[in-house]
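Breakdown of the fold
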Amino acid sequence: TRGAPPSVTWTVPKLTDNQLKTLGVGEVTVTATQVDAVGNESLASAPLKFTIVAPDAPRFRYEAGIDPTGKVSFAQAETGAITIQGDLGLKLEITVFNPAADRTLKLTIEGNDNDGIRLLVKLSKDQIEELLVGAYVITAVQIDSADNRSEPDTTNLVLNAPAAPMLRYATGVSANDAASI
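Anyway, here's the lowdown on the structure attached to this text.

Thresholds, definitions, all that
Residues numbered from 1 in each chain as written. Predicted model: local features only at pLDDT ≥ 70, side-chain atom pairs only at ≥ 80, totals over all residues. Heavy atoms only, no water. Pairing = 2+ DSSP bridges. Helix = DSSP H or I, 4+ residues; strand = E, 2+ residues; numbered from the N terminus. Buried < 20%, exposed > 50% of the residue type's maximum accessible area, 1.4 Å probe, protein only. 1 Å grid on protein atoms, 1.4 Å probe; cavity = no way out; pocket = protein on both sides within 12 Å on 5 of 7 lines; lining within 4 Å. Points joined across faces, edges and corners; volume = space filled by probe spheres on them. Nonpolar A, V, L, I, M, F, W, Y, C, P; charged D, E, K, R; others polar. Contact = heavy atoms within 4.5 Å. Core = buried A, V, L, I, M, F, W, Y, C linked by side-chain atoms within 4.5 Å.

Let's talk about the sheet that holds strand β6 (residues 91–98)
- Spatially, β4-β10-β9-β6-β7 is the arrangement adopted by the 5 strands of the open sheet, whose pairing is mixed. The open sheet has two edge strands with one neighbour each: β4 (71–72) and β7 (103–110).
- Bridge count between strand β9 (residues 134–143) and strand β10 (residues 153–159): 7 bridges; the pairing is antiparallel. Among the inter-strand pairings, A135 is bridged to a residue of β10, identified as V158.

Some thoughts on the pairing of β9
- With respect to burial, β9 is a largely interior element, 7 of its 10 residues being buried.
- The pairing of β6 with β9 spans 7 bridges and is classified as antiparallel. Pairing of V96 across the sheet is with I138, part of β9.

Structural notes on the layout of surface pockets
- In this structure, the largest pocket encloses a volume near 280 Å³.
- Split into classes, the residues belonging to the lining of the largest pocket amount to 5 nonpolar, 4 polar and no charged.

Looking at the environment of L23
- Tracing the backbone shows L23 in helix α1 (residues 17–23).
- Among the residues examined, L23 registers a relative accessible area of 36% and is labelled partly exposed.
- On a C-alpha basis, the gap between L23 and A146 in space is 8.7 Å, while along the polypeptide they are 123 residues apart.
- Discounting residues that sit within four places of it in the chain, L23 has contacts with L15, V28 and I52.

Quick word on unusual backbone geometry
- Backbone geometry places D102, a non-glycine residue, at a positive phi of 50°.
- Within the fold, D102 resides in the loop between β6 and β7.
- A relative accessible area of 60% places D102 in the exposed class.
- The phi torsion at D147 lies on the positive side, around 65°, for a residue other than glycine.
- Summarising the element assignment, D147 is placed in the loop between β9 and β10.

Remarks on the nonpolar core
- Residues I82, I84, Y136 and I138 are the most contacted members of the largest nonpolar core, which totals 20 residues.
- Listed by contribution, the elements that provide at least two residues to this core are β5 (82–85), β6, α3 (125–131), β9 and β10.

If you want it as structure tokens, here you go:
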């Protein structure tokens, strides 16, 4: 008689992005069989279950000095009023929407595997002109390599028009003198 064959441990190779995409989000069951040299197949192993989850939602925070109601000036919008924090290796999709003007701006930022995405949202002068003054709704979603999307995180930002300039009479001129000017 011969002894039992030696025990062997197998490691499942890392799934490719395309393979992960076919699995989607949810519970996955893995079983294994083995086949000997003459083609005899074993019974399936006990199932191993795991769950593929979408990434966590990104996180917004207002920068120091920004009104907690989200009201900002043009200058603050151009230098950055909001930070969005994402996770390692994920893509960040940001939508800035001005419902009153029905204007939308979409931004996509690619993460890398070395650090999380920390993005200071800055709007250029052209973007501000495109979106117009108003109350913006900013939404961000994280997307992993299998295209699983997080729940959105949303914040509001109100872009105020600059204050009206103040007019004054020059020194030595009064309202009564205005008719003679």
